[in-house]
2 protein chains.
Amino acid sequence: MSLTISDIAKLAGVSRATVSGVLNNSPTVSERTKTRVLAIIEKHNYRPNAIARALALKQTGVIGLLVKDISNPLYSQIAMGVEELCVDNNYSVIMGNTNTLPERELSKINLLKRRQVDGLILLPVQKGVDLGHLWELHKENYPFVLLAEVPGIQADLVRADDEKGAFEAVDHLINLGRRRIGYICGPETAMASDRRLEGYRRALIENNLVPGKDLVIPCGWRLEHGYEAGLRLRESDNPIPDALFCYNDSVALGLIRALTEGQIDVPDDVAVVGFDDAPTSGFLETALTTVAQPAHLIGYRAAQVLLDRIHAKNNSSPFQSIFLETHLVVRESCGANRKGTVSHQLNPKPDHDLIKTNREDQF
Amino acid sequence: MSLTISDIAKLAGVSRATVSGVLNNSPTVSERTKTRVLAIIEKHNYRPNAIARALALKQTGVIGLLVKDISNPLYSQIAMGVEELCVDNNYSVIMGNTNTLPERELSKINLLKRRQVDGLILLPVQKGVDLGHLWELHKENYPFVLLAEVPGIQADLVRADDEKGAFEAVDHLINLGRRRIGYICGPETAMASDRRLEGYRRALIENNLVPGKDLVIPCGWRLEHGYEAGLRLRESDNPIPDALFCYNDSVALGLIRALTEGQIDVPDDVAVVGFDDAPTSGFLETALTTVAQPAHLIGYRAAQVLLDRIHAKNNSSPFQSIFLETHLVVRESCGANRKGTVSHQLNPKPDHDLIKTNREDQF
DNA sequence: TTATAAATTTAAACCGGTTCAATTTCTTTA
DNA sequence: TAAAGAAATTGAACCGGTTTAAATTTATAA
């Protein structure tokens, strides 16, 4: 159907090798023939077949991105960050959702490998799960970067500094005078939840508060989970905490809904802080105080690290761990601002060149 | 590095053609050799190179999906629907965001064509824009399906029935006793906004109300746009309408925020209805009444139509237009339910097999 | 046992690019 | 003007699969 390099060669009266030279502007082809061939390419609107090129070059210019659930705004923003760097470098990205199922993760990784993607960015299913396939990637020296730690796997890693973000949020609550502060946990499999718990604990301890076991409330990551946690709190015999730090904004939202349904006022009765800074969080009737993750930047940096590794001649360079700064967005739900003022602080537009990484560990 | 078909052939003591036969289980290869070769493939964990296969077969098993902005939950859900059908059929999807920029749409389509994707699902930039590239796709007989009409382009189309959805929403408001009902428009380039406006108008007219020009308020599609529209309403000399039907949930959210900041109560002073049923909408302090789009199903069906067209021997079958039913999710923001009851109706899990399309036009 | 038909297997061409050693053409210099 | 050297071009092999006509093996019938 469409033209091939042979067609162009014939039309230009040169060999395929020469056309190839023109396409990859090799210095050995003369200006004269270059312009002539280019004119013919232009005239017939010839575009080289990327599949054939990939086969010859043994690289596709495609990377794979596997997340748990692209409909989570955090992950979709990460995906956009990944894409942005990729388009700048003429890479394409094949996307997939694992739905937090290890077997899906496995099968999708295998499919991507069959498709010869040049590298992988993975938000892996974590903890308590067979990770043979990740170990295999490592053994095969397949380039990949993780968006969350996986115990026992050494690889490049890019994520937010959860512990510090959590610390700052809880510290802020304490400075506002809150004392009985609870943590609404994320899913048990998420290491990010553990780290946020650590930050929460550290903030309490450094402020001479006791991190009581009863204040750590198991939950999940979705709106419904937060809602149910709120119902449980309402029905609990224990007095309700005066502040709740939540695993993420979805949980916070569901929680607030359940609390206010039960006539418990946010923030007067209980302050609530989320995590992620979802797009809607600043526009809620009670705008949500939250820890903003640089989601777009996480994706951008992850892609950067991946492409670096793909292009590295010696792919023996040490693995990087990049922890990006979060920042606390103070709004109404923690009681700092008076309700009823224009206070939805928007996400600052990320400026990649200016942002410094927190620390870069080396293994 | 990894094994090729030749390696396997050598190991099994057969020709490459035979191994190929085994892989594609051709009936001509005998059971005996098939099991023998299979054992060797298994033993060495050989997986055929999809790129080489794609080159030989002239089909990649990859489709492209281009949306405006994957971080919009509507589009990410559509993307998940697309993906679901694709994994079932061993297709992969390359995703891209156009950011509503025609030039990005053009360049990404071209890149995808170079990558020899078997087909395209497009949420195109619409209205008032050069559409030469879409016209070209059509001319080249490249399989693609649209998620929104493009004037002058004939192609398969899958989308929600906006007009009817809008009609039902506004009709419901009228039945609740609201009379001065406004429409907060989407972006000017979106045909969906036009159709929702039509549904809004029809509902007014069929209920003997006059669709006043001053009640149609230009806006956009994002939270900020809705917020600004709310500010403008507050500052306007005209009396505030007693109900507002919004282009989407984001706009509704921003709007509600602006209204309540100005001590205008939702729903007592003004009822608000959104569109899309974003995940958070049911968990807001004032849960949002909204028109749910079957986003997942839209993606699923679009992928179905596309793969059908890809596999059609004669790709001269008539174009389909599939309009999927929306459904009105009544919550608190329109004043029907008493505030403070558990009323967040969740998205029903889509059941693809049961859902019937609204109508299927043929060209 | 042999001729013939049926079932298997294989060699070779092909998909559309890239690469590099070998060849041809162009410059330079003696 | 011829020889040497530099610049440009090209033929052929290769990437890792699929396909098909031809060759080989096996089965069946005479």
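Residues numbered from 1 in each chain as written. Chains lettered and ligands numbered in written order. Predicted model: local features only at pLDDT ≥ 70, side-chain atom pairs only at ≥ 80, totals over all residues. Heavy atoms only, no water.

A. Representation of the overall build of chain A within the structure. Secondary structure assignment for chain A yields 12 helices and 13 strands. A principal-axis box enclosing the C-alpha atoms of chain A has dimensions of 85 × 45 × 35 Å. Burial analysis of chain A (363 residues in total) assigns 55% to the buried set. Contacts spanning at least 24 positions in sequence make up 72% of the contacts within chain A whose residues lie at least 6 apart. Looking at chain A as shown, the accessible area adds up to about 15900 Å², and 50% of this sits on carbon and sulfur atoms. Computed over 40 positive and 45 negative side-chain charges, the inter-centroid distance for chain A is 9 Å. (Helix = DSSP H or I, 4+ residues; strand = E, 2+ residues; numbered from the N terminus. Buried < 20%, exposed > 50% of the residue type's maximum accessible area, 1.4 Å probe, protein only. Contact = heavy atoms within 4.5 Å. Areas by Shrake-Rupley, 256 points an atom, 1.4 Å probe, with all protein chains shown as cover. Lys, Arg positive; Asp, Glu negative; His and termini not counted. Charge placed at Lys NZ, Arg CZ, Asp CG, Glu CD.)

B. Main features of the interface of chain B and chain A. Facing 60 residues of chain B, the contacting portion of chain A comprises 60 residues. Interface area for chain B against chain A, summed over the two sides, is near 5100 Å², with a carbon-plus-sulfur share of 59%. Of all residues in chain B, the largest losses of buried area upon contact with chain A belong to Arg257, Phe283 and Glu285 of chain B, amounting jointly to 15% of the total for that side. Summed over the shared surface of chain B and chain A, the number is four salt bridges. Joining chain B to chain A, the criterion identifies 24 residue pairs in polar contact (both at pLDDT 80 or more). Breaking the side of chain B that touches chain A down by element, the ones donating at least two residues are helix 4 (50-57), helix 5 (73-88), strand 2 (92-97), helix 6 (102-114), helix 10 (223-235) and helix 11 (249-261) of chain B. Here the residues of the side of chain B that touches chain A are counted per class, giving 25 nonpolar, 22 polar and 13 charged. (Buried area = accessible area lost by both parts, 1.4 Å probe. Salt bridge = Lys/Arg side-chain N within 4 Å of Asp/Glu carboxyl O. Polar contact = N/O pair within 3.5 Å; in protein donor to acceptor, adjacent residues only side chain to side chain. Nonpolar A, V, L, I, M, F, W, Y, C, P; charged D, E, K, R; others polar.)

C. Main features of the protein's contact with DNA strand C. As a matter of local geometry, DNA strand C sits amid 26 residues, with Ile5, Arg16 and Ser20 of chain A together with Thr33 and Lys58 of chain B nearest to it. When atoms of DNA strand C within 4 Å of the protein are split into backbone and base, the sugar-phosphate part holds 68%. Note that a base oxygen of DNA strand C is positioned 2.7 Å from one of the side-chain N or O atoms of Arg16 of chain A. The separation between a phosphate oxygen of DNA strand C and a polar side-chain atom of Asn24 of chain A is 3.1 Å. Elements with a contribution of two residues or more to the surface near DNA strand C: helix 2 (16-23) and helix 4 (50-57) of chain A together with helix 2 (16-23) and helix 4 of chain B. Among the residues making up the surface near DNA strand C, the classes are represented as 13 nonpolar, nine polar and four charged. (Near = heavy atom within 4 Å.)

D. View of the protein's contact with DNA strand D. In the region of DNA strand D, 26 residues are neighbours, and Thr33 and Lys58 of chain A together with Ile5, Arg16 and Ser20 of chain B sit closest. In DNA strand D, the atoms that sit within 4 Å of the protein are 70% sugar and phosphate, with bases accounting for the remainder. Between Ser30 of chain A and DNA strand D, the recorded distance is 3.1 Å, taken from a backbone N or O atom to a phosphate oxygen. Ile5 of chain B places a main-chain nitrogen or oxygen 2.5 Å from a phosphate oxygen of DNA strand D. Going through the elements one at a time, helix 2 and helix 4 of chain A together with helix 2 and helix 4 of chain B are the ones with two or more residues in the surface near DNA strand D. Counting residues per element, the surface near DNA strand D draws most heavily on helix 4 of chain B, at five residues. A breakdown of the residues in the surface near DNA strand D according to their chemical character gives 13 nonpolar, nine polar and four charged.

E. The side chain of Thr60 of chain A, seen in detail. Note on placement: Thr60 of chain A falls in the loop between helix 4 and strand 1 (62-67). Ignoring any residue separated from it by four or fewer positions in sequence, one finds Thr60 of chain A in contact with Ala54, Arg115, Gln116, Val117 and Asp118 of chain A together with Ile51 and Arg115 of chain B.

F. Local environment of the pairing of strand 1 of chain A. Residue and element names in this part refer to chain A. Counting buried positions along strand 1 gives six out of six residues, so the element sits mostly inside the fold. Side chains Val62, Gly64 and Leu66 of strand 1 all project onto a buried face; the interleaved residues Ile63, Leu65 and Val67 project onto the opposite face, where all are buried too. One crossover worth recording links strand 1 to the parallel strand 2 (residues 92-97) by way of helix 5 (residues 73-88), and it is right-handed. Relative to strand 3 (residues 119-122), strand 1 runs parallel, the two sharing four bridges. Residue pairing for strand 3: Ile63 is matched across the bridge by Gly119. (Right-handed = clockwise from strand over helix to strand, strands pointing away. Pairing = 2+ DSSP bridges.)

G. Molecular detail of the relation of the copies chain B and chain A. Superposing chain B onto chain A takes a rotation of 180 degrees combined with a translation of 0.0 Å along the rotation axis, leaving an RMSD of 0.1 Å. In symmetry terms, the pair is related by a two-fold rotation axis. The position closest to the rotation axis in chain B is occupied by the C-alpha of Ile94 of chain B, lying 2.1 Å away. An overlap of 100% is found between the interface residues of chain B and their copies at the interface of chain A, pointing to a shared contact surface. (Least-squares fit on C-alpha atoms with pLDDT ≥ 70 in both.)

H. Fine view of the confidence of the model for chain A. Chain-level pLDDT for chain A is 91 on average; 91% of the residues reach the 70-or-more range. Here residues 338-363 of chain A scores under 50 on pLDDT; set against residues more than four positions off or in separate chains, the count is 64 contacts. (pLDDT = per-residue confidence, 0-100.)

I. Representation of the packing of helix 1 (residues 5-12) of chain B against helix 2 of chain B. Residue and element names in this part refer to chain B. It is at 8 Å that the axes of helix 1 and helix 2 come closest, and there the two elements cross at 105 degrees. Classed by the angle they form, the pair helix 1 and helix 2 counts as roughly perpendicular. Across the interface between the two elements, Ile5, Ser6, Ile8 and Ala9 from helix 1 touch Arg16, Val19, Ser20 and Leu23 from helix 2. The residue makeup of the contact of helix 1 with helix 2, split by class, is five nonpolar, two polar and one charged. (Axes fitted to C-alpha atoms, helices over the stretch in contact; angles between N-to-C directions. Parallel < 35°, antiparallel > 145°, perpendicular 65-115°, else oblique.)

J. The arrangement of the packing of aromatic side chains in detail. All names here are of chain A. By the definition in use, this model includes eight aromatic pairs over all chains. Among the aromatic residues, ring-to-ring pairing joins Tyr183, Tyr200, Phe245 and Phe275 into one connected group. For Arg196, the ring lying beneath its charged end belongs to Phe275, and the centroid distance is 3.7 Å. (Phe/Tyr/Trp six-rings, centres within 6.5 Å; stacked < 30°, edge-to-face > 60°. Lys NZ or Arg CZ within 6 Å of the ring centre and 35° of its normal.)

K. Quick peek at the sheet that holds strand 12 (residues 327-329) of chain A. Residues and elements named next belong to chain A. Strand order in this open sheet of six strands is 7-6-8-9-10-12, and the pairing throughout is mixed. Across the chains shown, the open sheet's two edge strands, defined by having one partner strand only, are strand 7 (216-217) and strand 12. As judged from the three bridges shared by strand 10 (residues 289-292) and strand 12, these two strands associate in the antiparallel manner. Of the residues in strand 12, the one forming a bridge with Thr290 is Val329. Against the sheet, helix 8 (residues 162-175) makes contact with strand 6 (181-184), strand 8 (243-246), strand 9 (271-276), strand 10 and strand 12, and its axis sits at roughly 165 degrees relative to strand 9, the strand it touches most.

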